[in-house]
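# Coordinate analysis (summary)
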Amino acid sequence: MKQWFLFLALAGFILACGNSGAEGRLAASAGGGTSADKPDGEKIYKQYCVTCHGLYGDMGGGGAFNLRESQLGLEERVAVITRGRNAMTPFESLLKKKEIRAVAEYIATLREK
Ligand code: HEC
């Protein structure tokens, strides 16, 4: 059930933003864009990750890793989010590179709270 909900939520999101991908990539390669253009890691986390990891990263739904105890560095987190790992979905085709980076930066803030 949960997976279906997630799938529908993601499908809706992709349909809604169907043509923003190319623009985003262009903006990224043009050197970053404005600050208003910077993806909001917290928002992305709440949209895509809470289903398994929970609001504070420690829910452990479906065996999800406790992000508060994660020791991974930024590049390693980016790699796990991009390619997935075991039961975790890869986000490569769902999020833009800079969105993955933004959410990878955001989850480090869960550790300190
Ligand atoms: C379908 C459930 C699911 C979703 C959605 C999900 N994760 Fe995960 N995540 C997991 C599972 C399960 C693991 C443990 C993987 C393993 O056992 O190797 C994990 C592991 C991780 C790890 C590795 C932690 C470590 O220290 O090893 C990171 C980082 C992570 N997730 C971040 C995210 C982010 C960010 C999102 C949202 C973009 C997300 N996850 C969405 C299930 C999920």
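Here goes a summary of the coordinates provided. Predicted model only: the values in this text are computed from it and were never measured.

### A look at the overall build of the protein
The number of helices and strands found in the protein is six helices and zero strands. Ordered by position in the sequence, the α and β elements of the protein form the string α-α-α-α-α-α. In the protein, buried positions account for 32% of the 113 residues. When contacts within the protein are restricted to residue pairs at least 6 apart in sequence, long-range pairs at least 24 apart make up 56% of them. Element-wise, carbon and sulfur atoms account for 60% of the exposed surface of the protein, whose accessible area totals about 7600 Å².

### Quick notes on the coordination of the iron atom of the ligand
Of the protein atoms, only H53 (NE2) and M88 (SD) coordinate the iron atom of the ligand, at distances of 1.9 to 2.1 Å. Here the iron atom of the ligand is ringed by six donor atoms whose angles at the metal span 83 to 180°, and the overall shape comes out octahedral. Linking H53 in helix α4 (residues 50-53) with M88 in the loop between α5 (74-83) and α6 (97-112), this pair joins segments that are 35 residues apart in sequence.

### Some words on α5
Of all the positions in α5, only R77, V78, V80, I81 and T82 are classed as buried. Following α5 by one or two positions, G84 adopts a phi angle in the positive range, close to 75°.

### Topic: helix α3 (residues 41-48)
For α3, the set of buried residues is G41, I44, Y45 and Y48. Down the axis of α3, the sector holding all buried residues measures 100°, keeping them to one side. The N-terminus of α3 is capped by D40, whose side-chain oxygen sits 3.1 Å from the backbone nitrogen of E42.

### Thoughts on the site of the ligand
The full set close to the ligand counts 21 residues, and C49, C52, H53, S70 and M88 are the nearest of them. Take H53: an N or O atom from its side chain is 2.7 Å from a nitrogen atom of the ligand. Going through the elements one at a time, α4, α5 and α6 are the ones with two or more residues in the shell around the ligand. Looking at side-chain class alone, the shell around the ligand contains 14 nonpolar, six polar and one charged residues.

### Observations concerning the environment of Y45
Take Y45: it is sitting in helix α3. Owing to a relative accessible area of 1%, Y45 belongs among the buried residues under this scheme. Taking the C-alpha atoms as reference points, Y45 and Y106, separated by 61 residues in sequence, lie 7.7 Å from one another. Excluding anything up to four places from it in sequence, Y45 contacts V50, H53, G54, L55, G57, L67, V103, Y106, I107 and L110. A distance of 2.6 Å separates the side chain of Y45 from the backbone oxygen of G54, its partner in a polar contact.

Conventions adopted
Residues numbered from 1 in each chain as written. Predicted model: local features only at pLDDT ≥ 70, side-chain atom pairs only at ≥ 80, totals over all residues. Heavy atoms only, no water. Helix = DSSP H or I, 4+ residues; strand = E, 2+ residues; numbered from the N terminus. Buried < 20%, exposed > 50% of the residue type's maximum accessible area, 1.4 Å probe, protein only. Contact = heavy atoms within 4.5 Å. Areas by Shrake-Rupley, 256 points an atom, 1.4 Å probe, with all protein chains shown as cover. Donors = N, O, S within 2.8 Å, 3.2 Å for Na, K, Ca; no water. Tetrahedral: all angles 85-135°; square planar, octahedral: opposite > 155°, others 65-115°. Arc of directions from axis to C-beta. Polar contact = N/O pair within 3.5 Å; in protein donor to acceptor, adjacent residues only side chain to side chain. Near = heavy atom within 4 Å. Nonpolar A, V, L, I, M, F, W, Y, C, P; charged D, E, K, R; others polar.

By themselves these figures say nothing about function.
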